[in-house]
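# Coordinate analysis (summary)
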Amino acid sequence: MGLRTFITDAWSWLNYKPIMVGTHGGHPHRVLAPELQATWLPDEAVRRLAAYKVLAAYDSNQAGELAALAGNEQAAERREFGDPSTFVDTTLAHLLGTSQQIIVPGAEHARDDDATPEAVAAAAAQQRLRDWAEAELLPLRMQATERKAVLLGDGLYLLAWDPAIGRVRLKSHDPGFYFPVFDDDADPGDYPRRVHLAWEIPADPRRDVKARIRRITYELGPISPATRSHLDHDGRATRRPLQDGAGNYVLEVGDRFVAEVGQVERVYPWAPDKPSRATCYLTDAEWFLDDLRHGQSLDDLPLDRARFRTRSDGEVLHRLDLRIDFIPLIHIGNTVSDGEHFGQSSLAKVMQALDELAETDTDSARASATTGAPIIGLAGARSEVDRVTGRPRPLAVEPGTVFQLADGGRMDVLDTSRQLAELRARVEEIRDRAAVNARLPAVSLGTVDPSDVPSGYALQLSLGPLDSLVDSMRLARAHKYALLFKMVQRMHQAGHAPGWPAGPHFPARLVFGPHTPADRTAVLDDVVKGVTAGVLSLETGIRMLQEAGYPVPEVKEEVRRILARVSDEGKDGSGGRLPATSQ
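Here goes a summary of the coordinates provided. Because the structure is a prediction, the values reported are computed rather than measured. (Residues numbered from 1 in each chain as written. Predicted model: local features only at pLDDT ≥ 70, side-chain atom pairs only at ≥ 80, totals over all residues. Heavy atoms only, no water.)

## Looking at the packing of aromatic side chains
Our working rule: Working definition: a ring pair exists when centres of Phe, Tyr or Trp rings (six-membered ring for Trp) sit within 6.5 Å. Plane angles under 30 degrees give stacked, over 60 give edge-to-face, the rest tilted. Criterion for a charge above a ring: Lys NZ or Arg CZ within 6 Å of the ring centre, and within 35 degrees of the ring normal.
One pass over the full model with this rule turns up eight aromatic pairs. Taking the ring centre of Phe288 as reference, the NZ or CZ of Lys210 above it sits at 5.9 Å. For the cation-ring pair, Arg319 lies above Tyr281, with the distance from its terminal atom to the ring centre recorded as 4.1 Å.

Below you can see the structure in the form of structure tokens.
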């Protein structure tokens, strides 16, 4: 019998499960997914994908089924009532808040009387980004991606330029397809220079199609001269540099060859004063699994065996120059990076509590069966005999049933109601323990009676752990969404989209709405008192109302309306008075 290996990594919180740590080097059980045994899969990705599989099983109430497939036959009777999914959905709702809004700093001053050109340009960039977000259904994409990030620990956005509609498309990808490649001396928190999106396509015997692997690669590299793809008879392609009649390499429009360094430079529209020597190449190819030799991992698949895919216009996707100097992929980590590239699931700290909760629910269901239909013992009762077999028939207990007992006969009933009450109390105890460890107070899960809250201050204190959780999760995403909007602007510039002028990008950020309901009446009372007393400006008061959920679209416009109304009331002699801080 082999010894288990002690493993400490980003997914070691799942080591208590036998299916995650086997006896041979700590590799997960093959039941998690057959593709985990694929030879092309990088060794460092095996445990990550296995953890994704386990978390997905908990989310879909299949943890017992997964354990039964791994050899635990008793797990097939496990009762699962959706507690992990509830934890995930609650965390997601608080993370996203009541709204999400794109903000470009300085845009709020565009409507001032003395607005600067920079403020006007910032407002225009903000409106372009908001229009793009509405066209690409950004809130819907965020729901899909962020739920994966909360559940699995990781989410993935993909940006792609669509020349047919003239804008950048936003897609949400499964993080199980994401395989970044880091150099040996690279920090995992750094942005990778080579990324694969890969998955295995199963065989289809009916169509006589073999099993194959598809790999989409984005790679940063030096700019090459203009190339053209050549396809041979079986679909394989090679790219060859183009040369003119004199044998010189042909350059793309906007590129120039620097003889001093022997490289090609390109001026991108977002950095007209800083020529760049890097670009992003796209390769999209498939390999038959039969063509791969043992030991060939995802990053070194043989190109001579690849079958490259083509774009809708016929362009072969083999080292296609995207004419951008960044990889258009944004990885969303659920937690703040501490030396790990990948994030951690919100269920990581409470997995064992969820297991205990499911087991207690199972015991409670069994106890409720014996309480609702108790076990009865009869002494001194005459059983009816089956005329065919000659054996006593089982006694049926139904409403209105009367048993005739002989002298000294008795009936004993097994009472399990006390055990059922204890199990139900145990369920609530474990659920509360899991909520505390997940930093989801009972009030956020909707399991607290409002009449049980002694005061608003006590309620605010109970939400403290949730506040810190949301702040940490939003901090981990702040720079990722800023990077997303930066890429969106630059890809529109690279595609020469109308209305997207060349020049440096405008820094934009995503502002999440409040994650807990506000006492709007109390906020309104504070604003009225503060503005009237002169300790709050009118702009600050309106912004407080806006954050509390009042339908105020623009602070500056609302200030104009208030000042205009106060001025009109003053002219009419109706006693209108301008707030002291806004006069």
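## Observations concerning the nonpolar core
Across soluble globular proteins, you tend to see nonpolar side chains buried next to one another. For clarity, the cut-off: In these notes, a set of buried Ala, Val, Leu, Ile, Met, Phe, Trp, Tyr and Cys residues joined through side-chain atoms within 4.5 Å is what counts as a nonpolar core. Exposed residues in this analysis have more than 50% of their type's maximum accessible area, buried residues have under 20%, and partly exposed residues fall in between, with area computed by a 1.4 Å probe over protein chains only. The helix count covers DSSP runs of H or I at least four residues long, the strand count covers runs of E at least two residues long, and both are numbered beginning at the N terminus. Whether two residues are in contact is decided by their heavy atoms: any pair within 4.5 Å suffices.
Counting 107 residues, the largest nonpolar core has Leu159 and Phe485 as the members making the most contacts within it. When residues in this core are grouped by element, the largest group, 10 residues, is from helix 10 (residues 464-494). For Leu159, the contacting residues outside a window of four places in its chain are Trp132, Val168, Arg169, Leu170, Pro328, Ile330, Leu484, Met487, Val488 and Met491. Counting 12 residues, the second largest nonpolar core, distinct from the first, contains Leu538, Ile542, Val552 and Val555.

## Considerations on the sheet that holds strand 14 (residues 329-333)
Heads up, the rule is: Strands were regarded as paired on the criterion that DSSP finds at least two bridges between them. For every element, the axis is a line fit to its C-alpha atoms; helices are fit only across the contacting stretch, and the angle between N-to-C directions ranges from 0 to 180 degrees.
In spatial order, the strands read 3-2-14; together these three strands make up an open sheet with antiparallel pairing. One side of each edge strand has no neighbouring strand; the edge strands of this open sheet are strand 3 (167-173) and strand 14. Neighbour-to-neighbour, the strand axes of this sheet turn through a mean angle of 20°, independent of strand direction. Taken together, the seven bridges between strand 2 (residues 154-162) and strand 3 define a ladder with antiparallel strand orientation. Note that in strand 3 the partner of Trp161 across the bridge is Val168.

## Structural notes on the packing of helix 5 (residues 138-152) against helix 10
The criterion, for reference: Note that the term roughly parallel is reserved for angles under 35 degrees, roughly antiparallel for angles over 145, roughly perpendicular for angles of 65 to 115, and oblique for everything else. Less than a right angle of anticlockwise turn of the near helix away from the far helix marks a crossing as left-handed, whereas a clockwise turn marks it as right-handed. Residues are sorted three ways: Asp, Glu, Lys and Arg are charged, Ala, Val, Leu, Ile, Met, Phe, Trp, Tyr, Cys and Pro are nonpolar, and all the rest, Gly among them, are polar.
Orientation of helix 5 relative to helix 10, taken along the N-to-C sense of each, is 135°, at an axis distance of 14 Å. Taken together, the axes of helix 5 and helix 10 lie oblique to each other. As for how helix 5 packs across helix 10, the hand of that crossing is right-handed. Residues Leu138, Met142, Glu146, Ala149 and Val150 of helix 5 form the contact with helix 10, whose participating residues are Met473, Arg477, Tyr481 and Phe485. Its residues assigned to classes, the contact of helix 5 with helix 10 shows seven nonpolar, no polar and two charged.

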